[in-house]
Amino acid sequence: MTDSRSPLRGLVLALVLFALLALVPALGPSNRLLSLAITAGINIVALYGLSVLFGQTGILSMGHAALVGVGAYTAAILARDLGLDFWAALPCAAATTALLAAVVGFPSLRVSGHHFVILTFAFGQLLTIVLTNGGDFTGRATGLDLGQPVALFGMGLDPLPQFYLLTLGFVALAAIASWAIVHSRYGRTLRAIRENEKLAASLGINVGRHKIGAFVVSGVFAGISGVLLAYFLRHISPSQFASFPSIYLALMVMIGGARLLLGPLAGGILVAFLPELFSLDPVQSRILYGICLIAVILLLPNGVIGGLLDLWRRLVPQRDPAAQTASNPARAGREG
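Residues numbered from 1 in each chain as written. Predicted model: local features only at pLDDT ≥ 70, side-chain atom pairs only at ≥ 80, totals over all residues. Heavy atoms only, no water.

Asks: What should I look at first to understand the overall build of the protein chain in this one?
Replies: Within the protein chain, the secondary structure is distributed over 15 helices and 4 strands. The C-alpha atoms of the protein chain give 21 Å as radius of gyration, which agrees with the globular expectation for 336 residues (20 Å, within 12%). On the principal axes, the C-alpha backbone points of the protein chain span a range of 75 × 50 × 40 Å. For the protein chain, the proportion of its 336 residues judged to be buried stands at 44%. In the protein chain, once contacts between residues fewer than 6 apart in sequence are set aside, the share between residues at least 24 apart is 79%. Taken as a whole, the protein chain presents about 17300 Å² of accessible surface, with 67% of it coming from carbon and sulfur. For the protein chain, the separation between the mean place of its 21 positive charges and that of its 13 negative charges on side chains is 11 Å. (Helix = DSSP H or I, 4+ residues; strand = E, 2+ residues; numbered from the N terminus. Rg over C-alpha atoms; globule rule 2.2 N^0.38 Å. Buried < 20%, exposed > 50% of the residue type's maximum accessible area, 1.4 Å probe, protein only. Contact = heavy atoms within 4.5 Å. Areas by Shrake-Rupley, 256 points an atom, 1.4 Å probe, with all protein chains shown as cover. Lys, Arg positive; Asp, Glu negative; His and termini not counted. Charge placed at Lys NZ, Arg CZ, Asp CG, Glu CD.)

Given below as structure tokens:
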């Protein structure tokens, strides 16, 4: 029997890890390392949404970066045309992205497997074309600029350490939200659909509604990630949200582990920092990513975090409550 405290223990472990990561600016890292950490954090927010869609529901999307782009462009356009700041644009971008994610998810009601993956890949390409040919509204191929920084209590969060802490706060919130979804009745329903869609439908589960709901949830995460990205870079362009960035997001969530709380965190950090660690150029980085993906698929089907947990279980004997009760008849009698 699974220990009912283990899910909460995993969340506590994640929160402790986030608290330790909050101390990174105090160590005086370089601006490049902080920039990489911020970029990884922004990706991780989107990855938590993708983990709900792929890890819990079993639907792989190759258009997730396009949803991040919707959030980024929504924030940039609202700032330019209406003068909305980061905090006002955040819910608007999340809602817009969630709505479009529901539209993207609609074909999943009739198409599945690699056919749906191709459809989402095409969606990413289509969005790039729309943004490139959107005229002054989308800034064409050159994209859009954001002039105003993120402000908190009237203070601008321009320096990298401050934006790092802001991003880390959103990563922590995304992890908590993902944990709550996974361990809720809704999460159990999504897993039932993932394991056997026909059986779930025969039990009275509205499969179509829950599939679209999973897309909406992933869209909210993607929209928030897009707003963070827009305000961090202060410039966005269509090429940032094409199909290849979506492939990288899928790669990250597979490497880290789509079904585990720390999986998106591990995947985002590994993909962001491995090229820096080995001083690789972009071409060499793509080769390394491909090798890592093949290795994970063949050796670690549950991702790096899943592999580490399996190794921990092998090295550290787990106590069996049933065995403990059998070895202590007096205790068993009192419990009975």
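Asks: Can you help me understand the packing of aromatic side chains in this one?
Replies: One pair of aromatic rings is described through two measures. These are the centre distance and the angle between the planes. Here the structure, examined in full by the defined rule, presents 8 aromatic pairs. For the ring pair F86 and W87, a centre distance of 4.9 Å and an interplane angle of 85° mean the geometry is edge-to-face. Its relative accessible area of 1% is what places F86 among the buried residues. Looking at W87, the relative accessible area reads 33%, which means it is partly exposed. Aromatic pair F86 and Y231: ring centres 5.3 Å apart, planes at 90°, arrangement edge-to-face. In this pair, F86 is assigned in helix α4 (residues 86-105) and Y231 in helix α9 (residues 207-233), connecting sequence segments 145 residues apart. Y231 matches F86 in its accessibility class, with the two residues each being buried. (Phe/Tyr/Trp six-rings, centres within 6.5 Å; stacked < 30°, edge-to-face > 60°.)

Asks: It is not clear to me how α4 should be interpreted in this structure. Could you clarify?
Replies: An α-helical turn contains 3.6 residues, so any two residues separated by three or four positions project in the same direction. Relative to the 28 Å expected for 20 residues at 1.5 Å per residue, α4 spans 27 Å between its end C-alpha atoms, a close match to the ideal helical length. When we look at burial in α4, the residues that qualify are F86, A89, L90, A93, A94, T97, A98, A101, A102, V104 and G105. Buried residues in α4 make contact with α3 (64-81), α5 (113-132), α6 (160-182) and α9. (Expected span 1.5 Å × (residues − 1).)

Asks: Whenever I open this one, the packing of helix α10 (residues 243-256) against helix α11 (residues 263-278) confuses me. Can you help?
Replies: When two helices pack together, you describe them by how their axes are tilted relative to each other and by the distance separating the axes. Packing of α10 against α11 leaves a shortest axis separation of 7 Å and a crossing angle of 120°. Judged by the angle between their axes, α10 and α11 are oblique. The handedness of the crossing between α10 and α11 comes out as right-handed. In this structure, α10 uses M252, I255 and G256 to contact α11, whose residues at the interface are G263, A266, G267, G268, L270 and V271. Considering only residue class, the contact of α10 with α11 consists of 5 nonpolar, 4 polar and no charged. (Axes fitted to C-alpha atoms, helices over the stretch in contact; angles between N-to-C directions. Parallel < 35°, antiparallel > 145°, perpendicular 65-115°, else oblique. Left-handed = near helix turned anticlockwise from the far one by under 90°. Nonpolar A, V, L, I, M, F, W, Y, C, P; charged D, E, K, R; others polar.)

Asks: I tried to follow the environment of L109 on my own but got confused; where do I start?
Replies: Turning to its location among the elements, L109 is positioned in the loop between α4 and α5. By relative accessible area, L109 is classed as partly exposed at 37%. Distance from L109 to V207, taken between C-alpha atoms, is 8.3 Å for residues 98 residues apart in sequence. When residues no more than four places from it in sequence are discounted, the contact partners of L109 are G208, K211 and I212.

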